Amino acid sequence: MKPANTYTEHLVSLSRSKLLRAISDRGCPQGRTIRIGETQLLNFASNDYLGLAANAVVIDAASRAMLEFGLGAGASRLLSGGCTLHGELERRVAAFKGSAAALVFNSGYTANVSAIPALATNKGAIFSDELNHASIVDGCRLSGAERFVYRHGSLSHLAELLQASHKTLKLVVTESVFSMDGDIVDIRGIHKLCKTHNALLYIDDAHATGVLAGGRGSPAHFNIQPDENVIQMGTFSKALGSMGGFVAASETIIEYLVNRARGLMYSTALPAPIIAASLAAINHIETNPEVVVTLHANIGNCKRLLLLRGIHVPDAPTAIVPIYVETVAEAMRISEHLLTRGIYAPAIRPPTVKQPRIRISLSTLHSDEDIERLSASLSEAIGCQ
Ligand SMILES: Cc1ncc(COP(=O)(O)O)c(C=O)c1O
């Protein structure tokens, strides 16, 4: 059989099970509404939770940086590909996250697949939540470390596994706000367990940064002062509206990552305009705290309206609202119905998640009318009152 046939067969099989994915590119900036093809849609699919991806102040900062530093970075940070803005952003992130130091990566994905293997080494043991993001799973696989998967958010299972391990280097890895369920795990409890078992705690704060605790993320939300054993990973690509990932940790860990994180060492640095945009986004949140307050008002409003219509939603104060359904076909049907009502909220299917769902993501930019329209269209699609 020709190699190409293997792929064709695979695509046909995906299509039959309604699992075929296709790219839908926008013809406009990311925002409250987006245009796909000729259609203008109300956007409930973006992780741009604070509406900063097309914010005028952020764009202005990026434009000015482009004029000063140019576009392409030309080399890895270790070969002067970075500019002074990179260091400035790292100091800013460290202060924002309450850590001693920070390091910027080209994406959140790169941060996880670079930092986790470097930290765990092939001699350590990693303890990973069963619902962790694909980038964490890939980072764990790349590490060569012994790997243990614990039940989602289960402190008792995690404690059991930590207790049974005789490794001296233990790394517990978890998201704080889970990207597909929008729930928040008990970071305080996990932190306590890590202390008891002398383990490092690696928190993926991708969906907590810009959202929890005025934007500072999960340690601040749980009132935890990050010590030398707490590593916070996050992204600039979601609530901060830009691009890139970061790790905030002790100075020793950051210096170690500069020397061992392959995604930093062997990849060209992010362009200066992107770095300037991330800096401007953090400034914006700190000087305009009401953007986060508005997001939470929208989250509360959306959940209240959905519950009133008999649609069950988890009650965590996060911008991700999953509507679980039984089958892929049902998820696709609801998403297609929403499209007919001018609403973009795609179905999330295996292998991204086991249980199909509609994943609604909320933004500061949504109005009360937008949220009312979403809840009415959803209840119409699901067949609630
Ligand atoms: C929990 C989590 N971690 C990491 C990433 C990767 O971040 P980025 O999109 O910046 O590569 C994502 C993005 O989907 C995510 O949801």
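This structure is a prediction, so every number in the text was calculated from the model and none was measured.

1. Concerning the domain arrangement of the chain
Then, number 1: In terms of domains, the chain is made up of domain 1 (21-47 + 289-382) and domain 2 (57-287).
Then, number 2: When each unit is reduced to the centre of its C-alpha atoms, the spacing between domain 1 and domain 2 is 27 Å.
Then, number 3: Facing 19 residues of domain 1, the contacting portion of domain 2 comprises 20 residues.
Then, number 4: Here domain 1 packs against domain 2, burying approximately 1,400 Å² in sum over the two surfaces, 63% of which is carbon and sulfur.
Then, number 5: If you sort the residues of domain 1 by the area they bury against domain 2, Asn47, Val292 and Ile320 come out on top, with a joint share of 32%.

2. Section: the site of the ligand
Then, number 1: Around the ligand, 14 residues are found, and the nearest of them are Gly108, Asp204, His207, Ser237 and Lys238.
Then, number 2: A distance of 3.1 Å is found between an oxygen atom of the ligand and a side-chain nitrogen or oxygen belonging to His133.
Then, number 3: Its atoms largely coinciding with the cavity grid, the ligand occupies the largest pocket.
Then, number 4: For the shell around the ligand, the element with the most residues is helix H4 (residues 108-120), which contributes 3 residues.
Then, number 5: Of the residues contributing to the shell around the ligand, the split by class is 2 nonpolar, 9 polar and 3 charged.

3. A closer look at the environment of Ile23
Then, number 1: Mapped onto the fold, Ile23 is located in the loop between helix H1 (3-16) and strand E1 (33-36).
Then, number 2: The class of Ile23 is exposed, set by a relative accessible area of 76%.
Then, number 3: A sequence separation of 22 residues divides Ile23 from Ala45, and the C-alpha atoms of the two residues are 13 Å apart.

4. Comments concerning the environment of Glu228
Then, number 1: Its place among the elements puts Glu228 in the loop between helix H8 (218-221) and strand E8 (230-235).
Then, number 2: Using a relative accessible area of 57% as the deciding quantity, one classes Glu228 as exposed.
Then, number 3: Measuring from C-alpha to C-alpha, the distance between Glu228 and Asp25 comes to 42 Å, with 203 residues separating the pair along the chain.
Then, number 4: When sequence neighbours within four positions are dropped, the list of residues in contact with Glu228 reads Leu200, Ser250 and Ile253.

5. Some details on the sheet that holds strand E7 (residues 200-204)
Then, number 1: What the 7 strands build is an open sheet, ordered E3-E9-E8-E7-E6-E4-E5; its pairing is mixed. With partners counted over all chains shown, the strands left at the sheet margins are strand E3 (101-105) and strand E5 (146-150), one partner each. Averaged over all pairs of adjacent strands, the angle between their axes in this sheet comes to 20 degrees, without regard to strand direction.
Then, number 2: The sheet contact formed by strand E6 (residues 170-175) and E7 spans 5 bridges and is parallel. Counted as the bridge partner of Val172 is Leu201 from E7.
Then, number 3: Across the sheet, helix H3 (residues 84-97) touches E3, E8 and strand E9 (245-249), and the angle it forms with E3 is around 125 degrees.

6. Points about the sheet that holds strand E13 (residues 357-361)
Then, number 1: One open sheet holds the 3 strands; their spatial order is E10-E13-E12, and the pairing between them is antiparallel. Here the strands that pair on one side only, and so sit at the sheet edges, are strand E10 (320-324) and strand E12 (347-348).

7. Considerations on the packing of H4 against helix H5 (residues 134-143)
Then, number 1: Relative orientation of the contacting elements H4 and H5 amounts to 35 degrees, with a least axis distance of 8 Å. For the element pair H4 and H5, the recorded crossing hand is right-handed. The residues of H5 that touch H4, namely those facing Tyr109, Asn112, Val113, Ile116, Pro117 and Ala120, are Ser135, Ile136, Asp138, Gly139, Cys140, Leu142 and Ser143.
Then, number 2: In terms of residue class, the contact of H4 with H5 is made up of 8 nonpolar, 4 polar and 1 charged.

8. Notes on unusual backbone geometry
Then, number 1: Following Pro350, the chain continues to Pro351 via a peptide bond in cis, the omega torsion being 5 degrees.
Then, number 2: The residue Pro351 is located in the loop between E12 and E13 in this model.
Then, number 3: You will see that Asn198, though not glycine, has its phi angle at about 55 degrees, which is positive.
Then, number 4: Its location among the elements puts Asn198 in the loop between helix H7 (187-196) and E7.
Then, number 5: Since its relative accessible area comes to 58%, Asn198 is described here as exposed.
Then, number 6: At Asn223, a residue that is not glycine, the phi angle is positive and equals roughly 60 degrees.
Then, number 7: As for its position among the elements, Asn223 is in the loop between H8 and E8.
Then, number 8: By relative accessible area, Asn223 is classed as exposed at 66%.

9. Quick notes on the nonpolar core
Nonpolar side chains tend to gather and get buried jointly when the protein is soluble and globular.
Then, number 1: Membership of the largest hydrophobic core comes to 66 residues, with the highest contact counts inside it found for Ile323, Ile360 and Leu378.
Then, number 2: Here this core takes 9 residues from helix H11 (residues 272-287), the largest share from any one element.
Then, number 3: Those residues within four positions of Leu378 in sequence are excluded, and the remaining contacts are Leu306, Ile311, Ile323, Ile334, Leu338 and Ile360.

10. With respect to the pattern of salt bridges
Then, number 1: For the structure shown, the criterion picks out 13 salt bridges.
Then, number 2: With a closest N to O distance of 3.1 Å, Arg64 and Asp60 form a salt bridge. Taken as a pair, Arg64 and Asp60 lie in helix H2 (residues 56-69) at a separation of 4 residues, close to a single helical turn.
Then, number 3: A relative accessible area of 39% means that Asp60 is categorised as partly exposed.
Then, number 4: Between Lys97 and Asp205 there is a salt bridge, with the nearest N and O atoms lying 3.0 Å from each other.

What counts and how
Residues numbered from 1 in each chain as written. Predicted model: local features only at pLDDT ≥ 70, side-chain atom pairs only at ≥ 80, totals over all residues. Heavy atoms only, no water. Domains from an automatic or database assignment. Contact = heavy atoms within 4.5 Å. Buried area = accessible area lost by both parts, 1.4 Å probe. Near = heavy atom within 4 Å. Polar contact = N/O pair within 3.5 Å; in protein donor to acceptor, adjacent residues only side chain to side chain. 1 Å grid on protein atoms, 1.4 Å probe; cavity = no way out; pocket = protein on both sides within 12 Å on 5 of 7 lines; lining within 4 Å. Sits in = over half its atoms within 2 Å of the grid points. Helix = DSSP H or I, 4+ residues; strand = E, 2+ residues; numbered from the N terminus. Nonpolar A, V, L, I, M, F, W, Y, C, P; charged D, E, K, R; others polar. Buried < 20%, exposed > 50% of the residue type's maximum accessible area, 1.4 Å probe, protein only. Pairing = 2+ DSSP bridges. Axes fitted to C-alpha atoms, helices over the stretch in contact; angles between N-to-C directions. Left-handed = near helix turned anticlockwise from the far one by under 90°. Core = buried A, V, L, I, M, F, W, Y, C linked by side-chain atoms within 4.5 Å. Salt bridge = Lys/Arg side-chain N within 4 Å of Asp/Glu carboxyl O.

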